[in-house]
Amino acid sequence: MATIAPDLTPSTKTNGNNSSDVLKLGRPFRYIVLTLVGLFFIVPIVSSARFSFLGNHNSFTISAYTQLFGTAQFWSTLFLSVKVGVGTVFLTLALLIPTVVWVHVRLPKLRRVFEAISLLPLVVPSVVVTLGVITSFRGLPNIIYGTPVILSLEYVVLALPFSYRALDSSVQSIDLKTLVEAGQSLGAGWIKLLRFVLLPNIRGGIIGASILTFAFCLGEFAVASLLSFTTFPVFLVQVGQLAASQAVALSLIALLFTWIPLAVITLVFSQRRASRSTIVADE
Amino acid sequence: MTKYNEELLDSNIRPVDNGEKTQVAAGRSSRGRRRGLGNALGAIPFIAYIGVFLALPAVSVIATAFQDGNGKFTLSNFNEAVHGVYLKSFVASIELSFVAALVAVVVGLLAALAVSSTSNSVVRSLVTAGSGVFANTGGVPLAFSFIATVGNFGIITKLLKSAGIDIYAHGFSLYSVTGLAIVYQYFLIPLMVLIMLPPIQAIRKEWVDASQSLGASRSQFWRWIGIPLLLPPIFAAFIVLFTDSFAAYATAQALTSGTIPLVPIQLGALISGNVLAGQTNLGDALGAGMILIVVLAGVIYATIQRRTSRWLR
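Source: prediction; values computed, not measured.

**Observations regarding the overall build of chain B**
When its secondary structure is counted, chain B shows 15 helices and zero strands. Taken across its 313 residues, chain B has 45% of its residues classed as buried. Sequence-distant contacts in chain B: of pairs separated by 6 or more residues, those separated by 24 or more amount to 80%.

Written out as structure tokens, the structure reads:
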């Protein structure tokens, strides 16, 4: 991989410089478009902030926030969502790390096929998945079907398009074959190999997949609400029917909490993509 | 929320992988068939997991759609799904997704062009990071932040009212299909930007130079080379955005409390128990219909994508 990747970076770099020459769009056009689009994204956030601090007669108040934090349900639903999220992340990693490594070592021919399989959840809308879960798992023991465990089990699948991709590209970026062969020739078994050689090398991908999966779980509404579990987003909708300013405050918190980690991984991954060839297994 | 973005972002890098893959594959295929079976073993847990938690539910929905309450074969569920309020909801869903995707394609393309034409690296990475973040935004919080902005008592609504413009008196409503189409732009436009940046940046300066040295003008370059190159990814992006808004449930449900006639909302209402007598498996027919539409879109997408990746090498 390392030997082939170098072609990649210089070309993307020159592309980057070129496209500004190729397009030759006027400065006014650029600024007008980017400003208008930027406004569309910033105004709702600013308005939400303003709305959530709005008291009677346009006064400033933080009561929406203090009331929220004083609600027991706020903490219990948040805790439930975090539990489901952590469970999903562990299940995802336990299922995907061996699979992705296996596919790269033993079934490199089928790499594309597995990637396509990981995109299958996009074909079945989550509302439909929920209906299918109800019809096909009704008979299962209550400990699975009647508890949030079923949420974690399904979220692993629904978050697959993001989690698989993150792990797959990070395994792709290391010279897996050489690492495995070197480890084996030094007498390491698969477990040792995974623990001391592979995991440290794909740490970035593991963190990326975990953050994406966790963010998905914290925000997922359709499955949870239709299976009647009051997770954080379901609670948010309930609040919205009673107290608009609290719901807006809650939304703002939820958005900021998912945006910050997402921004970090987007930046890290785009930088990595650019420098993948120069520092291949340097992690 | 759909996150095709990662998938599409990387699509231009694939050819490099492909070349490498075939080398490895060639080395492998000579090693006999017995290893093939052993090789497949390690993939079984993953395949089995998807089989149980994705394929089984999906297949059971499709199978149940063809059964009546007693498990006998019938087409009456589908008959009902394409009449009356359910037909209307299919039409409304398709209309909404079509319009929302179309607007996002135009705006997102303009934004992607504007970003690509700037040499300012801060603006570039700001837009890339912003797109990555906003494309993954959606669901309930998004609905509430728009309620706070242009809802009945939203900040902008009140601001405009004090300026003498009452948007709700002029037929605008956030809690309608139009409103939803606007809210969906919040994740559709960034998705469009993410999808279009690689193909736009793949247009080489050398191609412009080559066309100029052959005597072509700038507009001729765009007419015969630039636009034909960008059309397939634009069309593919349109389909991604269409599917994304077609399957979206949370935002619509939170914004309209389930009063809007869209397929996911109707299906959700059927699941949560608002089932009339004789409609036992109607929901499954709606679900099968949704799968069918997404699969059709996916087939078109795959066809276009295959064509696009050829020149991106």
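Next comes the rest of the account.
**Some points on unusual backbone geometry**
The phi dihedral of A:Ser228 is positive, around 60°, even though this residue is not glycine. Take A:Ser228: it is sitting in the loop between helix H13 (222-226) and helix H14 (232-242).

**So, the interface of chain B and chain A**
Many descriptions give the size of an interface as the accessible area lost when the pieces come together. Contacts between chain B and chain A engage 83 residues on the former and 86 residues on the latter. Of the residues in the side of chain B that touches chain A, the class split is 47 nonpolar, 25 polar and eleven charged.

**Concerning the nonpolar core**
All names here are of chain B. Ala112, Leu188, Met192, Val193 and Leu241 are the most contacted members of the largest nonpolar core, which has 149 residues in total. Among the elements that take part in this core, helix H10 (residues 177-201) stands out by supplying 16 residues, more than any other. Residues within four places of leucine 241 in sequence aside, it is in contact with Ala101, Ala104, Val105, Leu188, Leu191 and Met192.

**Remarks on the packing of H10(B) against helix H12 (residues 218-247) of chain B**
Any two packed helices are characterised by how steeply their axes cross, that is the angle between the axes, and by the distance between the axes. Residue and element names in this part refer to chain B. Put simply, H10 and H12 touch, their axes get as near as 10 Å, and they point 155° apart. Accordingly, the angle class assigned to the pair H10 and H12 is roughly antiparallel. For the pair H10 and H12, the sense of crossing is right-handed. Residues Tyr184, Leu188, Leu191, Met192, Ile195, Met196, Pro199 and Ile200 of H10 lie in contact with H12, whose contacting residues are Leu230, Pro233, Ala237, Val240, Leu241, Asp244 and Ser245. Per-class residue counts for the contact of H10 with H12 are 13 nonpolar, one polar and one charged.

**Regarding the environment of B:Leu113**
All names here are of chain B. Relative to the assigned elements, leucine 113 resides in helix H6 (residues 84-117). On the basis of neighbour count, leucine 113 is assigned to the buried category, with 20 C-beta atoms found within 10 Å. Residues leucine 113 and isoleucine 200, 87 residues apart in the sequence, show an inter-C-alpha distance of 7.3 Å.

**A closer look at the environment of B:Phe134**
Inspection of the secondary structure puts B:Phe134 in helix H7 (residues 121-134). You can call B:Phe134 buried: it has 25 C-beta atoms within 10 Å. Here the alpha-carbon distance between B:Phe134 and B:Ser97, two residues 37 residues apart in the chain, equals 18 Å. When sequence neighbours within four positions are dropped, the list of residues in contact with B:Phe134 reads A:Phe41, B:Tyr186, B:Phe187 and B:Pro190.

**Structural notes on the confidence of the model for chain B**
Interpretation of this model should avoid reading the predicted coordinates in detail wherever pLDDT is low. All names here are of chain B. Counting all residues, the mean pLDDT for chain B is 81, and 85% of those residues have values of 70 or more. Here residues 1-31 is a poorly scored stretch, pLDDT under 50, and it has 48 contacts once near neighbours within four places are set aside; other chains count. If you check the scores for this complex, the pTM reads 0.81 and the ipTM reads 0.82.

**Observations regarding the confidence of the model for chain A**
All names here are of chain A. On average, residues of chain A score 81 in pLDDT, and 86% of them reach the 70 mark or higher. Per-residue pLDDT, averaged within each element of chain A, yields its smallest value for helix H1 (residues 8-23) (44) and its largest for helix H8 (residues 149-158) (94). Under a pLDDT of 50 for its full length, residues 1-18 has, in the predicted model, 26 contacts with residues more than four places off or in other chains. Note that pLDDT drops below 50 for residues 276-283; the model gives that stretch 16 contacts with residues more than four away or on any other chain.

**So, the environment of A:Phe216**
Residues and elements named next belong to chain A. Among the secondary structure elements, phenylalanine 216 is positioned in helix H12 (residues 203-219). A C-alpha to C-alpha distance of 8.1 Å links phenylalanine 216 and tyrosine 155, two positions 61 residues apart in sequence. The contacts of phenylalanine 216, once residues within four sequence positions are left out, are Tyr155, Ala159 and Phe162.

Rules used in this analysis
- Within any chain, residue numbers begin from 1 and follow the written order of that chain's sequence.
- Starting at A for chains and at 1 for ligands, labels are handed out in the order in which the entities are written.
- Only residues with pLDDT of 70 or above have their local features reported here, since the model is predicted, and side-chain atom pairs are shown and tallied only from 80 upward, although totals for entire chains, interfaces and linings are computed over all residues.
- Starting at the N terminus, helices and strands are each numbered in turn, a helix being any DSSP run of H or I of at least four residues and a strand any DSSP run of E of at least two.
- Labels follow a simple rule on C-beta atoms placed from the backbone: if 20 or more others lie within 10 Å of a residue's own, it is buried; if 12 or fewer, it is exposed; otherwise it is partly exposed.
- With C-beta atoms placed from the backbone, a contact is any residue pair whose C-beta atoms sit within 7 Å.
- When residues are sorted by character, Ala, Val, Leu, Ile, Met, Phe, Trp, Tyr, Cys and Pro go into the nonpolar class, Asp, Glu, Lys and Arg into the charged class, and all the rest, Gly among them, into the polar class.
- For this analysis, nonpolar core means a set of buried Ala, Val, Leu, Ile, Met, Phe, Trp, Tyr and Cys residues linked through C-beta atoms within 7 Å.
- All axes are obtained by fitting lines to C-alpha atoms, using only the stretch in contact for helices, and the reported angles, taken between N-to-C directions, cover 0 to 180 degrees.
- If an angle is under 35 degrees, it is roughly parallel; if it is over 145, roughly antiparallel; if it lies from 65 to 115, roughly perpendicular; otherwise it is oblique.
- Crossing chirality is assigned from the near helix's rotation relative to the far helix, an anticlockwise turn below a right angle marking it left-handed and a clockwise turn marking it right-handed.
- On a range of 0 to 100, pLDDT expresses the predictor's confidence in each residue.

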